[in-house]
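What follows is each chain in one-letter form.
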Amino acid sequence: MRATTLHAPFDIRYTEVPDPEMTAPTDAIVKVTAACVCGSDLWNYRGENQINPGMTIGHECLGEVVAVGAAVKNVAIGDHVVVPFCHCDNTCPDCQAGVQSACRHGGFTLSGQGELSRVAQADGSLVKLDGVPDPALVPSLLALTDVMPTGWHAAVSAGVRPGSTVVVIGDGAVGLCGVLAASVMGAERVVAMSRHESRQRLATAFGATHIIAERGEDGIAAVQELTAGIGADAVLECVGTGQSMETAFQIARAGSTVGFVGAPHGVELPVRRMFVKNIGLAGGMAPVRRYLPELLDLVLEGRIDPGKVFDLTLPMDQVADAYAAMDERRAIKVALTPVG
Ligand SMILES: [Zn+2]
Ligand SMILES: [Zn+2]
């Protein structure tokens, strides 16, 4: 098959690789019908995570099941499915605790930007769609594989409640989905920290009531002014850098919780401030499968449209352009369509 492979920093290609093979009777193989690039793929692309030359990349896709292992009962060949980026049996103690992303029998989508991808624990992982999805719904369904549940997880972890003031740090697709999540959960004020006009517009469309364009000390001061010096009731940290985490704890009110979903790179926690102000930290890798049924209903009912995060669509064999566009922040999120 052909798939997206990474060879060195900024060297990404659409090349011929071996087909994925089933390794357990609980596996399935899907033919990728829609895919996209994730902000977290950029950590690999930029060489900030270790690269094994030729490794496949891509963990967000929709697919059609083309093979199932002998133990798979809930999906069959021909089913159209949403593939969560992290797989799970949905039955083990970790899954039952709502942390499907830590499933002890899990795995990850590894060739989502290719023609075929293997899914471990197909019964627990895959969510079946009612036939071939309506093309108009595909972008929002694709957002359910990672970014929307991840933004949702930030809001759940931060304890967003009706009437609260929520600040979202990060204007990438996850941060924007965090804005949408906080809004759906009934937050009264949803503050998006963003200095890019197109992202500000989308944040507003997703329910942001305030935009703060300043960063660092000025951004912190702006939040303090907006909240009469109290700070935010809930902060969604959707970036994962030391600076974004520091800002999160500076703007979180005493007794609140920072919900973090940005993969941490170079983060140190201000434990003294956390102690003195009783500010907690919760979140982590999003248990996508936990939220999928609920979020799928919201999409099918037309109540959320997270697919708006896609502002560029390219054929899969132009994947190098897709990564460059996201790396240079020319695109918020790029959808990839199968070729051939
Ligand atoms: Zn992702
Ligand atoms: Zn499990």
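In this convention, every chain numbers its residues from 1, walking through the sequence in written order. As they are written, the chains are lettered A onward and the ligands numbered 1 onward, keeping that order. Where local features are concerned, this predicted model is filtered to residues with pLDDT of at least 70; where side-chain atom pairs are given and counted, the filter is 80 or more; whole-chain, interface and lining totals use all residues. Water and hydrogen atoms play no part in the side-chain values, which are based on all heavy atoms of the structure.

**What about the coordination of the zinc ion (ligand 2)?**
Any N, O or S atom lying within 2.8 Å of the metal counts as a donor, and for Na, K and Ca the limit rises to 3.2 Å; water is left out, so some sites can look incomplete. Donor atoms from the polypeptide that coordinate the zinc ion (ligand 2) comprise Asp89 (OD), Cys92 (SG), Cys95 (SG) and Cys103 (SG), at 2.1 to 2.3 Å from the metal. Counting residues between consecutive donors of the zinc ion (ligand 2) along the chain gives the motif D-x2-C-x2-C-x7-C. Note on accessibility: Asp89 and Cys95 belong to one class, buried. For every residue, the accessible area obtained with a 1.4 Å probe (protein chains only) is divided by the maximum for its type, and the residue is called buried under 20%, exposed over 50%, and partly exposed between those limits.

**Here's the deal with the packing of aromatic side chains**
In this analysis, rings of Phe, Tyr and Trp, with Trp reduced to its six-membered ring, are considered paired at centre separations within 6.5 Å, and the interplanar angle assigns stacked below 30 degrees, edge-to-face beyond 60, and tilted for intermediate values. A complete count under the given rule lists three aromatic pairs for this structure. Geometrically, the ring pair formed by Tyr45 and Tyr323 is tilted, given 5.1 Å between the ring centres and 40 degrees between the ring planes. Separated by 278 residues along the polypeptide, Tyr45 in helix 1 (residues 41-45) and Tyr323 in helix 12 (residues 319-327) bring together distant segments of the chain. Residue class for Tyr323 comes out buried when judged on its relative accessible area of 0%. Each ring, one from Phe85 and one from Phe108, has its centre 6.4 Å from the other, and the planes form 20 degrees; the classification is stacked. In this pair, Phe85 is assigned in the loop between strand 6 (80-83) and strand 7 (86-87) and Phe108 in strand 8 (residues 107-108), connecting sequence segments 23 residues apart. A relative accessible area of 9% places Phe85 in the buried class. Take Phe108: its relative accessible area is 40%, and that puts it in the partly exposed class. Elements are defined by DSSP. Helices are runs of H or I of four residues or more, strands are runs of E of two residues or more, and each kind is numbered from the N terminus.

**Considering the coordination of the zinc ion (ligand 1)**
Protein coordination at the zinc ion (ligand 1) comes from Cys38 (SG), His59 (NE2), Glu60 (OE) and Asp146 (OD), with a distance range of 1.9 to 2.2 Å. Irregular is the label for any site that misses the other tests, which are tetrahedral for four donors with all angles between 85 and 135 degrees, and square planar for four donors or octahedral for six when opposite donors exceed 155 degrees and the remaining angles lie between 65 and 115. For the zinc ion (ligand 1), the four donor atoms in the first shell make angles of 92 to 129 degrees at the metal, a pattern classed as tetrahedral. The motif formed by the donor residues of the zinc ion (ligand 1), counted along the single chain, is C-x20-H-E-x85-D. You can see Cys38 sitting in the loop between strand 3 (28-36) and helix 1 and its partner His59 sitting in the loop between strand 4 (55-56) and strand 5 (61-68), a full 21 residues away along the chain.

**Section: the domain arrangement of the protein chain**
In terms of domains, the protein chain is made up of domain 1 (2-146 + 287-337) and domain 2 (148-283). All the domain ranges listed were derived from an automatic or database domain assignment. The distance between the C-alpha centroids of domain 1 and domain 2 comes to 26 Å. Contacts were defined at the residue level, with two residues in contact if any of their heavy atoms lie within 4.5 Å. The interface of domain 1 with domain 2 comprises 22 residues on the first partner and 21 residues on the second. Summed over both partners, the accessible surface that disappears when two parts come together, traced with a 1.4 Å probe, is what is meant by buried area. Here domain 1 packs against domain 2, burying approximately 1900 Å² in sum over the two surfaces, 69% of which is carbon and sulfur. Counting the surface domain 1 buries against domain 2, the share from its top three residues, Trp43, Arg329 and Ile332, is 32%. We note a salt bridge from Arg329 to Asp171, for which the minimum N-O separation is 2.6 Å. Counted as a polar contact is a pair of N or O atoms within 3.5 Å, where, for protein atoms, one must be capable of donating a hydrogen and the other of accepting one, and residues adjacent in sequence contribute only when both atoms are in side chains. Along the contact surface separating domain 1 from domain 2 lie seven residue pairs in polar contact (both at pLDDT 80 or more). Among the elements that make up the side of domain 1 that touches domain 2, the one with the highest residue count is helix 11 (residues 288-300) (six residues). Residues are grouped as follows: Ala, Val, Leu, Ile, Met, Phe, Trp, Tyr, Cys and Pro are nonpolar; Asp, Glu, Lys and Arg are charged; every other residue, Gly included, is polar. Here the side of domain 1 that touches domain 2 is composed, by residue class, of 13 nonpolar, one polar and eight charged. Salt bridges are defined by distance alone: a side-chain nitrogen of Lys or Arg within 4 Å of a carboxyl oxygen of Asp or Glu.

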